[in-house]
Amino acid sequence: MANNAALPPALADFRVFHATDFVNAKTAEVDLASPLKSSPSRPLEPKPFIAKFEITLDNLLRMRRKVQMKIDDLEDAANASENARRRKLTELNAAVENVQSAFKSLEQHLSDVGKTAIRIGEQLETIDKQRRTASETKDLIYFFQDFNSRSHSTDESSTEKLTPEPFALEVFRNSGNEAAAQTASIARRLNAIVKEMGIPGTELKRPKAKENMEKFSEELETSVLDQFHNAYSAGDRATMNKCARILTELNGGTSCMQTCINQHEFFINQSKILTDDFSSSPNFGDGPISVSPKLQKLLDELKTAFPKEWDVISAVFPNATAVMQNFAQRVQSQIEYELSTALDTGDLFYLRTLKIVHQSVLVTYKSLALFDKEVIVRNTKGQGIGLVLDRCFDDLFVPYTDNDRYVDVECRCLRQRIREILSAFNTFVSLQAKSSKIHPTIPSLQAVGNMIMGGHDINQGKSKESLQSLNEPLPEAVGLPSVSVVLEIFSVHLETLERCRELSKIGDLARNVLAVFKVLIEECGRNASKKFSQLENMEIIQIENQSMNLLQLHFQTAVAPMLAQAPTLLRDAVLTKNEFMESVEMKLNYSLKAHLEVLQEWLDSVLAKQKKSDYKPKDEQTTSAGAATSTCTQICEYLQKVLARAEKRLDGVTRLNFLEEVGATLHIRLLDHIKKFVFTDVGGLILSRDLSKYYELIQNFRVQRLDEKFEMIREVGNLFIVKPENLAQVINGSYLSQIDFALLTRFLMCRADWTRVQKMGIFPSR
């Protein structure tokens, strides 16, 4: 155990090192090795511990030196490895740079080689073109010389007719299947050369080439057209395609296209249909109009034939788009024939026909445009026939809609239809004016009041006899205008707006809408508003109010949305509408003012008939104070009718203002009326009863200001029923306290006992 304790510490012992544990371990070794163990009774012996720790320190120092030597060796090895790595990286960088330089050099070399190859290719292509041009020029010269040296005429000096040899181009044509198209191309070029040689100063000495070429081209075209016609009849698309290519090379294929279109069953059938009369049975009524059966059949067949023929045309013609354009233009001419016949009819039938034709053609146009977009453009990878369809559709309606032609007819038709609708009302006003001239006597105020309130005139029988003497219908037979008439006018205008939306161009829509709206305002103002004011009837005021409400609604829902994209025109329309409505309101106010003036005169007339004895009866004991006077009853009954008719015929603020004016008029008349009488005690009771009845009537008006006024006038009536000594109390405890005493004095003077009241001195403060 002593030998083991003397061993130096190993390096592994310091992997997990704790100083306290290490010292304790070494101290324990000293205790175990000492022969004299320490005890509580013996003191600590330090020498063994010192010797032990000295040995341990020596071992640790030797171990430290070994560890340091190992660290130094490892650092030297690491430095050597790092130096070797850096040298290797430097060598690799140099190698990579060399490789990159080599690649750049190779890329530049390849680029130079490519450019050289492109230049060589371009030169070869140019040489090939020149070679082909030279070869074609050689062939053209050869064939031209052949045409110029031949003659199909007969040698007059010879007795025998020489059989002309075929032209070299004819021989070439018969040499193979592909030679026919090449022959057509050569013939087209030779014709161009011949035409250029026809310029003055370039004529040939022997112009045989031109004659021979023209004859050869005609024979070639005729021959190929015959083959195309036979192939078309037989349905041989391959031969038709071959002939179409030949004719396209020869003259663009125009003759072939015309042959195909002219022989098409679609145009043959339509030509037979169009020989009938278009307007043999037109619908001239006011009901909805339908498109012509022949035109509808044409459009239906067009929508069917167009896609169907595309399969044939695209398989036959090299330039199928051009053929379809020609096809569409031919159909346009057929539709124009159908549409032009509508010009011979009336404006309304013409406009309705134009709209329905436009709608039907637009549906067909959209169908064909969709087919062009989804089939023709996709298959040909080109532009298609969309532009041709657009041009055909626009050109079809230009003669009818361009340069304000359409809107002029629309305004004229709208003006005529509004006048027809208002003709009954105009006749009514004219007959009434004639009636007033025939029977110029002035009716009584009672009759005027009854006429205003919708009653019957006392002279009505005489007027009827005078009108019947003219052998004309009575105004009652014609009738006053109504809301249904206004709705009919707006219905006509709505139909006009729908046609404007359908037939106007986008840029002209707002302008056309404004034009027809101004026609509506102009005709309604000229034919209706000026004459409404001539009729003293509250029903006319109601119709005017309802008409203005309908006009505002019509403008907001139908007119304004169509003008929303043109703020300037919308503002113009709003100003026109507002001016018209203001003028109508002025006429309504004038009419109401006339009602009030007649009412005032009627009230003055009725109140003037009231007797003095009504409020100062001779026999006061037998007179009943419980019933109102006949004048009061008559006025209340009449004003009750006025109230009922106003509630029925007037609306909103107009009714309240009118009733307030009526009540104010009655209030003023009654105040003045009271001052004209002298009231006894019984007369005061009768007056109080009359005023209470007036107050009950005014409460039905439901106007607060009138209630206050008539409450005050009822309290004025109390001045005539109280004893003299109670007058001051009555005045100070009511509305009368707010009135100047000088004004009340005029009413107090109407008391039969006024002299006594003065002598009593009951108003010292006044």
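Residues numbered from 1 in each chain as written. Predicted model: local features only at pLDDT ≥ 70, side-chain atom pairs only at ≥ 80, totals over all residues. Heavy atoms only, no water.

Draft legend 1. Inspection of the overall build of the chain at higher detail. When you go through the chain residue by residue, the secondary structure sums to 29 helices and zero strands. For the chain, the residues scored as buried account for 38% of the 766 residues in total. When the accessible surface of the chain is summed, it comes to about 44,600 Å², and 53% of that surface belongs to carbon and sulfur atoms. (Helix = DSSP H or I, 4+ residues; strand = E, 2+ residues; numbered from the N terminus. Buried < 20%, exposed > 50% of the residue type's maximum accessible area, 1.4 Å probe, protein only. Areas by Shrake-Rupley, 256 points an atom, 1.4 Å probe, with all protein chains shown as cover.)

Draft legend 2. Summary view of the environment of Phe371. Within the fold, Phe371 resides in helix H12 (residues 347-380). Between the C-alpha atoms of Phe371 and Lys303, which are 68 residues apart in sequence, the distance is 9.5 Å. Once you skip the residues sitting within four places of it in the chain, Phe371 turns out to touch Phe306, Pro307, Trp310 and Ile376. (Contact = heavy atoms within 4.5 Å.)

Draft legend 3. Region of the structure containing unusual backbone geometry. Non-glycine residue Arg702 carries a positive phi angle of around 60°. Inspection of the secondary structure assignment puts Arg702 in the loop between helix H25 (681-699) and helix H26 (704-718).

Draft legend 4. Looking closely at the nonpolar core. Of all hydrophobic cores here, the largest spans 111 residues; its most connected members are Ile635, Leu639, Phe658, Leu666, Tyr694, Phe701 and Leu719. Not counting chain neighbours up to four residues away, the residues in contact with Leu719 comprise Leu727, Ile731, Leu736, Leu744, Phe747, Leu748 and Arg751. One finds Leu225, Ala231, Ala244 and Leu247 within the second-largest nonpolar core, a separate group that totals 27 residues. (Core = buried A, V, L, I, M, F, W, Y, C linked by side-chain atoms within 4.5 Å.)

Draft legend 5. Spotlight on the state of the cysteines. Inspection of every chain in the model, using the stated rule, returns zero disulfides. Cysteine Cys636 remains unbridged, with the sulfur of Cys632 as its closest cysteine sulfur at 3.9 Å. (Disulfide = S-S within 2.5 Å.)

Draft legend 6. A look at a negative patch on the surface. Judged by side-chain charge, Asp72, Asp73, Glu75 and Asp76 come together as a negatively charged surface patch. Here Asp76 shows up in helix H3 (residues 47-149). (Patch = residues over 30% accessible without salt bridge, like charges linked within 9 Å, V, L, I, M, F, W, Y side chains within 5 Å. Salt bridge = Lys/Arg side-chain N within 4 Å of Asp/Glu carboxyl O. Lys, Arg positive; Asp, Glu negative; His and termini not counted. Charge placed at Lys NZ, Arg CZ, Asp CG, Glu CD.)

Draft legend 7. Layout of a nonpolar patch on the surface. A grouping of Val99, Phe103, Leu106 and Leu110 is seen on the molecular surface, where their side chains present a nonpolar patch of about 410 Å² in accessible area. Counting through the fold element by element, Val99 comes out in helix H3.

Draft legend 8. The packing of helix H21 (residues 538-559) against helix H23 (residues 630-649), seen in detail. For the pair H21 and H23, interaxial distance at closest approach is 9 Å and the crossing angle is 20°. The angle between H21 and H23 places the two elements in the roughly parallel class. Considering only the axes of H21 and H23, their crossing is right-handed. Within the contact between the two elements, H21 uses Met538, Glu539 and Gln542 and H23 uses Arg645, Ala646, Lys648 and Arg649. Each residue belonging to the contact of H21 with H23 can be placed in one class, and the counts come to two nonpolar, one polar and four charged. (Axes fitted to C-alpha atoms, helices over the stretch in contact; angles between N-to-C directions. Parallel < 35°, antiparallel > 145°, perpendicular 65-115°, else oblique. Left-handed = near helix turned anticlockwise from the far one by under 90°. Nonpolar A, V, L, I, M, F, W, Y, C, P; charged D, E, K, R; others polar.)

Draft legend 9. Geometry of the packing of H25 against H26. Contact geometry for H25 and H26: axes closest at 9 Å, N-to-C directions at 170°. In terms of their interaxial angle, H25 and H26 are classed as roughly antiparallel. Contacts from Gly684, Leu687, Ser688, Leu691, Ser692, Tyr694, Tyr695, Ile698 and Gln699 of H25 reach H26 at Leu706, Asp707, Phe710, Glu711, Ile713, Arg714, Gly717 and Asn718. Across the contact of H25 with H26, the residue classes break down as eight nonpolar, six polar and three charged.

Draft legend 10. Layout of the side chain of Glu711. On the secondary structure map, Glu711 appears in helix H26. Within the local environment of Glu711, its side chain forms a polar contact with the side chain of Tyr695, the two groups lying 3.5 Å apart. In this structure Glu711 touches Tyr695 and Tyr735, once residues within four positions along its chain are discounted. (Polar contact = N/O pair within 3.5 Å; in protein donor to acceptor, adjacent residues only side chain to side chain.)

Draft legend 11. Focus on the packing of aromatic side chains. Throughout the structure, instances matching the rule amount to six aromatic pairs. Pairing Tyr615 with Phe677 gives two aromatic rings, centres 5.3 Å apart and planes at 80°, and the pair type is edge-to-face. You can see Tyr615 sitting in the loop between helix H22 (567-608) and H23 and its partner Phe677 sitting in the loop between helix H24 (652-674) and H25, a full 62 residues away along the chain. Residue Tyr615 shares its accessibility class with Phe677, and that shared class is buried. The interplanar angle of 55° and the centroid separation of 5.0 Å between the aromatic rings of Tyr615 and Phe679 together place this pair among those described as tilted. In this pair, Tyr615 sits in the loop between H22 and H23 while Phe679 sits in the loop between H24 and H25, placing the two residues 64 residues apart along the sequence. Accessibility classification places Tyr615 together with Phe679 in one group, the buried group. Through successive ring pairs, a cluster of aromatic residues spans Tyr615, Phe677, Phe679 and Phe720. Directly above the ring of Phe555 sits Lys577, whose terminal nitrogen or CZ lies 5.2 Å from the centroid. (Phe/Tyr/Trp six-rings, centres within 6.5 Å; stacked < 30°, edge-to-face > 60°. Lys NZ or Arg CZ within 6 Å of the ring centre and 35° of its normal.)

Draft legend 12. Molecular detail of the environment of Arg405. Secondary-structure assignment places Arg405 in helix H14 (residues 405-421). Under the relative-accessibility criterion, Arg405 is labelled partly exposed at 40%. In this structure, Arg405 is in contact with Val398, Pro399 and Tyr400, ignoring residues within four places of it in sequence.

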